[in-house]
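Architecture at a glance
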Amino acid sequence: MRLSQSLIPTLKETPSDAQIVSHRLMLRAGLIRQMASGIYAWLPAGHRVLSKIAQIVREEQDAVGAQEMLMPTIQSADLWRESGRYDAYGKEMLRITDRHERELLYGPTNEEMITVLVRDSIKSYRDLPQLPYHIQWKFRDEVRPRFGVLRGREFLMKDAYSFDLDYAGALIAYKKMMLAYMRTFQRMGITAIPMRADTGQIGGDLSHEFHVLAPTGESGVFYDASFEAGNAMAATDVEAFYQQMTTIYAATDEKHDTALWDQIPAERRREGRGIEVGQIFYFGKKYSEAMSFAVTGPDGQKIFPEMGSYGIGVSRLVGAIIEARHDDAGIIWPDAVAPFRAAILNLRQGDAATDGICETLHHQLGADGLYDDRDERAGAKFAEADLMGHPWQIIVGPRGAANGQVELKRRATGERFELAVQDALSKVLG
Ligand code: ATP
Ligand code: MG
């Protein structure tokens, strides 16, 4: 993409209404704009990040056997009356009346809808287990939308739902999801710690929240320093992995257990703040019983499926990653989610040698290259590239260009390399 023709409205000044760094940087880097309180438009660069995050989530869900589908954003109030949650949900639910006076709502989550869908689609125990998911917008009329996309009213969530014949099956689904989540966050270049958590609105008795550590996090968290080492991912077998994840101590303040905490050697105890980027729940037959969903068992008896639900805050992750990865100059995107892998900075627009090399690079990088072809000072181009946080900057100046050389800068480390054009390309694409 050519910066001169793109809709990436970066800002020089820090927006005064944004309280935390990720919100400020998302506005300044031209990723989002607020359209109403807690409701954001995703501009092209922001949309690219959101899509890359969604794609990683999708691949890791698929890898543990979940099936993607798509449910609507608007739901019927009657669905929620069946489970008894229509009144219980309160003011966070955006309620809508259509022209025929039918009561609708913008879905804050989908337990009811998926339960009815699976109920009406299968009959026998042989049709279980089921593990459907979708990536869809949700709406929660938060009292205090704030921190940009970290706490919006409209937000993108991946939600998966498991249906199993018995507790043992449900637990397998739960463990597979934990593994999928840890792989998902690792691929995004962030550390998220699975913490014992309260079940809240959803109900049930087993739950973990996944927290990205950041001083701006809304939750107080307690965890064993072993999670910082990053070696927590050693196991590949689901069972061994789950044992490992759940024997190392980590809990949100609601679930903090001081007796267990005291058994951890003092030098390994960490207290901090976390941003909740995902949560998984096992809640048994709560919805299957309330919504009369039973399958016929081997002996003709009725079996109410054991259920769980599994959410990831896809749009919140964009902010959470920036909270974890930035410096004074701007965003430091991990390679896997960066809007563009590299920016091409032409330091002398109109010079035959620099223009020629930049066009070649732009062509070869395709959609992963952002070509700063504006008639701007070098300093302005450097500052903007640092702000936008591209993992690589390919700097093309007239002196190097005359010898077919460019300078390559790694955003995360500040390392610089003088390279021939093709070598720079291989390094960026490698
Ligand atoms: P919170 O405690 O932060 O309000 P929640 O526990 O109510 O979130 P869940 O029902 O667990 O949220 O939803 C699954 C995921 O969706 C959360 O882990 C979070 O990442 C994301 N999420 C929830 N609410 C919001 C929001 N208002 N804005 C952005 N993402 C959200
Ligand atoms: Mg939650």
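Refer to the preceding data block for the structure.
All chains use their own residue numbering, which begins from 1 and follows the written sequence. Numbering of ligands from 1 and lettering of chains from A proceed in the order in which they are written. Given that the model is predicted, a residue must reach a pLDDT of at least 70 before its local features are reported, and side-chain atom pairs must reach 80 or more before they are shown or counted; all residues, however, enter totals for whole chains, interfaces and linings. Side-chain descriptors were evaluated using all non-hydrogen atoms of the structure, hydrogens and water having been removed beforehand.

**Points about the coordination of the magnesium ion (ligand 2)**
Note the threshold: Each metal's donors are the N, O and S atoms found within 2.8 Å of it, except that Na, K and Ca use a 3.2 Å limit; water is left out, so coordination can look incomplete. Think of it in three bands: residues with accessible area under 20% of the maximum for their type are buried, residues over 50% are exposed, and the middle band is partly exposed, with areas taken using a 1.4 Å probe on protein chains only.
The magnesium ion (ligand 2) binds to the protein through E276 (OE) and Q279 (OE1), with metal-donor distances spanning 1.9 to 2.2 Å. For E276, a relative accessible area of 24% puts it in the partly exposed group. Judged by relative accessible area, which is 10%, Q279 ranks as buried.

**Some thoughts on the sheet that holds strand 5 (residues 94-97)**
Basically, it comes down to this: For two strands to pair, DSSP has to find at least two bridges joining them. Counting from the N terminus, the helices are the DSSP runs of H or I reaching at least four residues and the strands are the DSSP runs of E reaching at least two. To get an axis, fit a line to the C-alpha atoms, keeping to the stretch in contact for a helix; angles then go from 0 to 180 degrees between the N-to-C directions.
Spatially, three strands are ordered 4-6-5 in an open sheet, and the strand pairing comes out antiparallel. Among the strands making up the open sheet, the edge pair consists of strand 4 (74-76) and strand 5. Across the sheet, the mean angle from the axis of one strand to that of its neighbour is 35 degrees, orientation sign disregarded. Pairing geometry for strand 5 and strand 6 (residues 103-106), over four bridges, is antiparallel. Each bridged residue has a counterpart across the sheet, and for I96 the counterpart in strand 6 is L104.

**Some remarks on the packing of aromatic side chains**
Each aromatic ring pair is summarised here by two numbers: the centre-to-centre distance and the angle between the ring planes. Note the following rule: Pairing of aromatic rings covers Phe, Tyr and Trp, the last counted by its six-membered ring, and requires centre-to-centre distances within 6.5 Å; plane angles under 30 degrees mean stacked, over 60 mean edge-to-face, and any other angle means tilted. In our convention, an over-ring charge means Lys NZ or Arg CZ found within 6 Å of a ring centre and within 35 degrees of that ring's normal.
In this structure the tally under the stated criterion is 12 aromatic pairs. Where W80 meets Y89, the ring centres are 5.5 Å apart and the plane angle is 85 degrees; that geometry is what we call edge-to-face. Residue W80 shares its accessibility class with Y89, and that shared class is buried. Taking 6.2 Å as the distance between ring centres and 85 degrees as the angle between the ring planes, the aromatic pair formed by Y174 and Y242 counts as edge-to-face. Taken as a pair, Y174 in helix 6 (residues 167-187) and Y242 in helix 7 (residues 238-247) lie far apart in primary sequence, 68 residues in all. As far as burial versus exposure is concerned, Y174 and Y242 are alike and both buried. Members of the aromatic cluster, joined through ring pairs, are Y174, Y242 and Y310. Here K427 stacks its cationic end above the ring of F417, 4.5 Å away from the centre of that ring.

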